[in-house]
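Chain by chain, the residues run as shown.
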Amino acid sequence: MPRLVLASTSPRRKELLEMLHIPFTVCSPQVDETISDSISPANMVMELAARKAKAVAKHHGDSCVVGADTIVAIHGDMLGKPFDKKHAFQMLQTLSGQTHFVFTGVAVFFADTIETFYEKTEVTFWELSEKEIERYIATDEPLDKAGAYGIQGWGSLLVKEIHGDYFSVVGLPIARVARMLEKIGFPIFQQYE
Ligand SMILES: Cc1cn([C@H]2C[C@H](O)[C@@H](COP(=O)(O)OP(=O)(O)OP(=O)(O)O)O2)c(=O)[nH]c1=O
């Protein structure tokens, strides 16, 4: 069986991939994330996931490499990670009381071919006061996360409704990743038999 490599610096993605209960290594992807503004959110996350997987595959030729990218889309805007606390405040004000979409793209590079897919999850926030936003930012949770929140942490208190894959919001739609790995020859489900 080929080796599995996660092309990511995200501790959340590592924790989620551990849910497969198969061994893997982690490698940081060095990529230029510059991308056209006019691309759709779905194509953007798949393209960036593919860049990450390919960058790591260059050094791990015989392995199967998984890359991912997550972005928040609201009213035609795309929110990545905030630059600083002021930017995080603006993002959380935009999300307050509104419904947005979290797109996560996944790319699996194996045997010189790349397969990509994306998952779209709908998330609705409670109305947030300025004080609540300030308190949340003071936790330091928002800075390394798309849309300036983490649904798996204190950010769970901001969320009124979610439709779709929770794990995709956290950074990796693990059930679909498992199915894709099965498809390309990694036995994931037979370990339960
Ligand atoms: C919306 C949301 C995002 N996030 C995180 C997932 C991703 O780690 C991050 C989005 O940034 P990404 O650029 O997708 O990923 P990353 O830079 O953290 O890691 P890498 O590129 O090395 O794989 O936001 C959460 O942890 N919880 C959430 O609720």
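Residues numbered from 1 in each chain as written. Predicted model: local features only at pLDDT ≥ 70, side-chain atom pairs only at ≥ 80, totals over all residues. Heavy atoms only, no water.

- Looking up the protein in an unreviewed UniProt entry gives the name dTTP/UTP pyrophosphatase, with the organism given as Siminovitchia thermophila.
- As recorded by UniProt, the Function (unreviewed entry) comment attached to the protein reads in full: "Nucleoside triphosphate pyrophosphatase that hydrolyzes dTTP and UTP. May have a dual role in cell division arrest and in preventing the incorporation of modified nucleotides into cellular nucleic acids."
- Regarding the protein, the relevant UniProt record gives this comment under Sequence similarities (unreviewed entry): "Belongs to the Maf family. YhdE subfamily." (UniProt positions renumbered as here; feature names shortened; annotations may be inferred.)

### Let's talk about a nonpolar patch on the surface
- Together, Met 19, Ile 162, Tyr 166 and Phe 167 make up a nonpolar patch on the protein surface, roughly 310 Å² of accessible area in all.
- Along the polypeptide, Tyr 166 turns up in helix 5 (residues 166-170).
- For Tyr 166, a relative accessible area of 32% corresponds to the partly exposed category. (Patch = residues over 30% accessible without salt bridge, like charges linked within 9 Å, V, L, I, M, F, W, Y side chains within 5 Å. Areas by Shrake-Rupley, 256 points an atom, 1.4 Å probe, with all protein chains shown as cover. Salt bridge = Lys/Arg side-chain N within 4 Å of Asp/Glu carboxyl O. Helix = DSSP H or I, 4+ residues; strand = E, 2+ residues; numbered from the N terminus. Buried < 20%, exposed > 50% of the residue type's maximum accessible area, 1.4 Å probe, protein only.)

### Quick word on the layout of surface pockets
- Here the largest pocket is characterised by a volume of approximately 720 Å³.
- In this structure, the largest pocket is lined by 35 residues; those nearest its centre are Lys 52, Asp 69, Thr 70, Lys 81 and Ala 146.
- If one sorts the elements of the lining of the largest pocket by residue count, strand 3 (residues 64-74) sits on top with five residues.
- The class makeup of the residues in the lining of the largest pocket is 17 nonpolar, nine polar and nine charged. (1 Å grid on protein atoms, 1.4 Å probe; cavity = no way out; pocket = protein on both sides within 12 Å on 5 of 7 lines; lining within 4 Å. Points joined across faces, edges and corners; volume = space filled by probe spheres on them. Nonpolar A, V, L, I, M, F, W, Y, C, P; charged D, E, K, R; others polar.)

### Quick look at the UniProt feature "site: Important for substrate specificity" (unreviewed entry) in the protein
- Sequence positions flagged by UniProt for "site: Important for substrate specificity" (unreviewed entry) are, in local numbering, Arg 12, Thr 70 and Gln 152. In summary, the annotated positions, though distributed over 141 residues, converge in three dimensions, the widest C-alpha pair being only 14.5 Å. Lining the largest pocket, from the residues named above, are Arg 12, Thr 70 and Gln 152.
- Its location among the elements puts Thr 70 in strand 3.
- By relative accessible area, Thr 70 is classed as buried at 16%.
- Leaving out residues up to four positions away in the same chain, Thr 70 has contacts with Arg 13, Val 45, Val 102, Phe 103, Thr 104, Ala 146, Ser 168, Val 169 and Gly 171.
- Counting through the fold element by element, Gln 152 comes out in the loop between helix 4 (130-138) and strand 7 (159-163).
- You can call Gln 152 partly exposed: its relative accessible area is 33%.
- When residues no more than four places from it in sequence are discounted, the contact partners of Gln 152 are Arg 12, Lys 145, Tyr 166 and Val 170. (Contact = heavy atoms within 4.5 Å.)

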